[in-house]
Amino acid sequence: MIQQDIQALTIAGHDSDGSAGMPADLHAFFVDGVYGHGILTAAVAGNSYDITAQEVMPKEFIAEQFHQLARDFQIKAAKTGMLANDDVINVVADHYDSQTFGPLVVDPVIITKHGAMLLAQSAYELFRERIIPLAKVITPNFYEAQKLAEMTINNRQDQLTAAQRLQKMGAKNVVVKGAHSDNAQDSVDDLVLLEDGSHFWTSKPFIKTSRLNGTGDAFSAIIAAELAKGQDVPSAVRRAKDAIYAAIANPLTVGHKFGPINHWAAQAELGKEAD
């Protein structure tokens with residue numbers, strides 16, 4: 001359902017191929033019927049094969065974006081994506097205010113879906129100290145959950161333990177995504193730990209595909225969009241899980257190697273649920 005007066009914010013980097021980062025977040029806001037604003041933290045040059053260059057925005061410019069949005073718009077929820085270094089993390093933590101920008105969904109872009117570290121150690125420590133406590137919801141992928149919780153995840157109980165550790169670090173609600181690297185697995189099972197200590201699971205069939213770019217970005221963006229509409233966390237997470245599954249299950253032929261998910265399919269799924 002389109003709600004033209006509902007606005008959400010992404011604080012993220014820009015991927016030139018449109019598959020991830022701020023483009024994916026804005027696609028997700030759009031397909032979930034909310035208007036999207038963006039605070040640019042970085043930009044990368046790349047395509048479906050690889051990324052060849054990146055630039056981080058000056059902290060003064062990031063701060064000015066916060067200031068200009070705050071003085072004009074009624075933003076109901078926000079999310080973070082790539083926070084590239086110490087300066088970016090500090091300026092975001094200094095300027096994010098839940099009274100101005102709404103509840104924050106933190107997509108901890110620190111480790112790729114293949115397990116490669118994206119942040120320097122100092123920035124990683126700052127992220128744990130300054131960003132995680134701001135999170136209404138945090139949505140780490142399997143590798144990020146292991147890193148942040150400082151443990152190996154082998155089963156469902158481990159996922160719950162990792163989520164509890166992240167909650168102790170200050171995040172109110174935690175989604176620990178299941179692994180999706182074993183071609184023999186039948187499903188991807190995400191653990192959702194709520195602020196009151198209760199938890200539940202969301203599961204979808206595993207799909208073997210290289211069209212996964214922007215999965216985590218769009219998942220967290222749809223959660224933020226739903227929170228902006230006034231939905232509770234369990235409803236927001238379930239709708240995001242359903243939408244992203246549809247986006248993966250109906251691949252696009254965009255690019256040649258690691259392609260984007262299908263936001264049109266997500267839109268159809270979200271529209272179906274709203275009927």
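These numbers come from a predicted model, not from an experiment.

Enquirer: Could you clarify how one ought to interpret the sheet that holds strand E3 (residues 51-56) in this entry?
Expert: Within a beta sheet, neighbouring strands are joined by backbone hydrogen bonds and run either parallel or antiparallel to one another. Taken together, nine strands build an open sheet; the order of strands is E3-E2-E1-E4-E5-E6-E7-E8-E9 and the sheet is mixed. With one partner strand each, in any of the chains shown, E3 and strand E9 (199-205) form the two edges of the open sheet. Bridge count between strand E5 (residues 104-106) and strand E6 (residues 137-138): two bridges; the pairing is parallel. Across the sheet, residue Val-106 finds its bridge partner in E6, namely Ile-138. Along the sheet, helix H1 (residues 21-31) makes contact with strand E1 (7-15), strand E2 (35-46) and strand E4 (75-80), crossing E1 at roughly 150°. Strands in contact with helix H9 (residues 233-249) are E6, strand E7 (173-176), strand E8 (187-193) and E9; relative to E9, the strand with the most contacts, it is inclined by about 10°.

Enquirer: Would you explain the side chain of Asn-262 in this entry?
Expert: Within the secondary structure, Asn-262 is located in the loop between H9 and helix H10 (263-274). Here Asn-262 falls in the buried class, since its relative accessible area comes to 9%. Once residues lying within four places of it in the same chain are set aside, the contact partners of Asn-262 are Ala-247, Asn-250 and Leu-252.

Enquirer: Help me understand helix H7 (residues 156-168), please; the structure alone is not making it clear to me.
Expert: Structural remark: α-helix, 3.6 residues per turn; residues separated by three or four positions point the same way. Here H7 is 13 residues long and its end C-alpha atoms lie 19 Å apart, about the 18 Å a rise of 1.5 Å per residue gives. For H7, the full list of buried residues reads Asp-158, Gln-159, Leu-160, Ala-162, Ala-163 and Leu-166. The elements touched by buried residues of H7 are helix H6 (142-149), E7, E8 and E9. The N-cap of H7, judged by a side-chain oxygen 3.2 Å from the amide nitrogen of Gln-157 a few residues on, is Asn-155.

Enquirer: Sorry, what's going on with the packing of helix H2 (residues 59-70) against helix H3 (residues 86-95) here?
Expert: Two measures define how a pair of helices packs: the angle their axes make with one another and the distance between the axes. With their axes 9 Å apart at the nearest point, H2 and H3 run at an angle of 25° to one another. When the axes of H2 and H3 are compared, the pair comes out roughly parallel. Crossing of H2 against H3: the hand is right-handed. Across the interface between the two elements, Lys-59, Ile-62, Ala-63 and Phe-66 from H2 touch Asp-87, Val-88, Val-91, Val-92 and His-95 from H3. The class makeup of the residues in the contact of H2 with H3 is six nonpolar, one polar and two charged.

Reading the values: the criteria
- Residues numbered from 1 in each chain as written.
- Predicted model: local features only at pLDDT ≥ 70, side-chain atom pairs only at ≥ 80, totals over all residues.
- Heavy atoms only, no water.
- Pairing = 2+ DSSP bridges.
- Helix = DSSP H or I, 4+ residues; strand = E, 2+ residues; numbered from the N terminus.
- Contact = heavy atoms within 4.5 Å.
- Axes fitted to C-alpha atoms, helices over the stretch in contact; angles between N-to-C directions.
- Buried < 20%, exposed > 50% of the residue type's maximum accessible area, 1.4 Å probe, protein only.
- Expected span 1.5 Å × (residues − 1).
- Polar contact = N/O pair within 3.5 Å; in protein donor to acceptor, adjacent residues only side chain to side chain.
- Parallel < 35°, antiparallel > 145°, perpendicular 65-115°, else oblique.
- Left-handed = near helix turned anticlockwise from the far one by under 90°.
- Nonpolar A, V, L, I, M, F, W, Y, C, P; charged D, E, K, R; others polar.

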